Amino acid sequence: MKVAKTNYCRFLFTIILLALNPVLSIRFPDRIASNQPLQTAVFALGSFWRSEASFGCFNGIVRTTVGYAGGSKANPEYRNLADHAECVQVEYDPRVIGFRQLLEVFWASHDSRQVFGQGPDVGNQYRSIIFASGTEESRLAAVSKEREQSKSKSSIVTTQIQQLEAFYPAEPEHQKFELKRNPFLLQLMGTLPEEEFERSTLATKLNGYAAELCPSRIQKRIDAKINDIIKKGWPILREV
């Protein structure tokens, strides 16, 4: 997170305040309507730490969870994935964002033409996959893949399209990884039990923000909210 020089003293004051007054880390549950008609999509696009952050900031994304899918092993673990891929499960409100838009985020967030990995992460677990649920999602995925391939004929899009058989959530230490690397943001949002933290919409958005993967307008909006909190000296972030 970038803090303007003019706010540097206030930033230090807030950190000191948090350190001396841990009771100020008050938790605020997410304001999510219980009858919200959520849908779920699963994508594999390299390391799931960054994959999760890539989806977190978009309007309509309610929560994200990293995990494993695409293989045959029951109950895979990070140190024993077998033939599974690292992936991210996205829960979203279809009234705000649709599967087509999620596919756009997917293609824009990784190199679908890289074989057997993403960037420095090499291996079968980092392969590119769209996990479809039903024939309509399979159709939309295939159309989007053809469109992506048409952008250049010099290399082949390696992305697979599979029907989702099972999604296995990853261990707690891998959830919201980018946010967990930013103790200041964790303090701003307050103390949450691990299970509530993993399902938090606020944590989902701040995870994308911490990785600087939010769209510019959303990144700036969150910057403004955080700077306002720093100015007021009240270290609680309810929503972004």
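Residues numbered from 1 in each chain as written. Predicted model: local features only at pLDDT ≥ 70, side-chain atom pairs only at ≥ 80, totals over all residues. Heavy atoms only, no water.

Caption draft 1: Representation of helix α2 (residues 48-56) in the model. Among the 9 residues in α2, 7 count as buried, and that is most of the element. Taken as a whole, α2 has its buried residues at Phe48, Ser51, Glu52, Ala53, Ser54, Phe55 and Gly56. Where the residues of α2 are buried, they touch β1 (39-45), β2 (61-69), β3 (85-92), α3 (99-108), α5 (177-180) and α8 (201-210). (Buried < 20%, exposed > 50% of the residue type's maximum accessible area, 1.4 Å probe, protein only. Helix = DSSP H or I, 4+ residues; strand = E, 2+ residues; numbered from the N terminus. Contact = heavy atoms within 4.5 Å.)

Caption draft 2: Examining the sheet that holds strand β6 (residues 128-132) more closely. The 6 strands lie next to each other as β7-β6-β1-β3-β2-β8, forming an open sheet whose pairing is mixed. The open sheet has two free edges, formed respectively by β7 (160-163) and β8 (168-169), since each of these has just one partner strand. As paired strands, β6 and β7 are joined by 4 bridges and run parallel to one another. Bridge pairing in β7 places Ala132 opposite Gln163. (Pairing = 2+ DSSP bridges.)

Caption draft 3: Quick peek at unusual backbone geometry. Of note, Ala82 is a non-glycine position whose phi angle comes to about 60°, a positive value. Locating Ala82 in the fold gives a position in the loop between β2 and β3. Looking at Ala82, the relative accessible area reads 53%, which means it is exposed. In this structure, Glu212 takes a positive phi of about 60° despite not being glycine.

Caption draft 4: How the structure looks around the packing of aromatic side chains. On inspection of all chains with the given rule, the structure shows 8 aromatic pairs. On the basis of an interplanar angle of 10° and a centroid distance of 5.3 Å, the ring pair of Phe43 and Phe55 is categorised as stacked. Here the residue Phe43 occupies a position in strand β1, and Phe55 occupies one in helix α2, the gap between them amounting to 12 residues. Comparing Phe43 with Phe55, the two get one shared label, buried. Note on Phe48 and Tyr68: the rings are 5.7 Å apart at their centroids and 45° apart in plane angle, and the pair reads as tilted. Taken together, the residues Phe48 in helix α2 and Tyr68 in strand β2 connect sequence positions 20 residues apart. (Phe/Tyr/Trp six-rings, centres within 6.5 Å; stacked < 30°, edge-to-face > 60°.)

Caption draft 5: Focus on the pattern of salt bridges. Taken as a whole, this structure holds 8 salt bridges when the rule is applied. Residue Arg199 pairs with Glu91 through a salt bridge whose shortest N-O separation is 4.0 Å. One end of the pair, Arg199, is in the loop between α7 (194-198) and α8; the other, Glu91, is in strand β3, with 108 residues separating them in the sequence. The partly exposed category is assigned to Arg199, whose relative accessible area is 43%. Among the ionic contacts, a cluster of salt bridges with common partners joins Arg63, Glu91 and Arg199. (Salt bridge = Lys/Arg side-chain N within 4 Å of Asp/Glu carboxyl O.)

Caption draft 6: Structural detail: the state of the cysteines. Within the structure shown, the criterion is met by 1 disulfide. Paired by a disulfide, Cys57 and Cys214 hold their sulfur atoms 1.6 Å apart. Pair noted here: Cys57 is in the loop between α2 and β2 and Cys214 is in the loop between α8 and α9 (216-232), with a separation of 157 residues, a long-range link. For Cys57, a relative accessible area of 2% translates into the label buried. Under the relative-accessibility criterion, Cys214 is labelled buried at 9%. (Disulfide = S-S within 2.5 Å.)

Caption draft 7: Up close: the side chain of Glu198. Tracing the backbone through its elements, the reader meets Glu198 in helix α7. For the buried residue Glu198, which engages in no salt bridge, the nearest side chain bearing the opposite charge is Lys180, 5.4 Å off. If we skip the residues at most four places from it in the chain, Glu198 touches Thr64, Pro172, Gln175 and Lys176. (Lys, Arg positive; Asp, Glu negative; His and termini not counted.)

Caption draft 8: Structural view of the nonpolar core. Core analysis: the largest hydrophobic core is formed by 20 residues, its most contacted members being Leu179, Leu185, Met189, Leu206, Tyr209, Ile222 and Ile226. Taken together, the elements giving at least two residues each to this core come down to α6 (183-189), α8 and α9. Counting residues in each nonpolar core, the second largest holds 19 residues, with Leu45, Phe106, Leu140 and Val157 among its members. (Core = buried A, V, L, I, M, F, W, Y, C linked by side-chain atoms within 4.5 Å.)

Take it as geometry only, folks, not as evidence of what the structure does.
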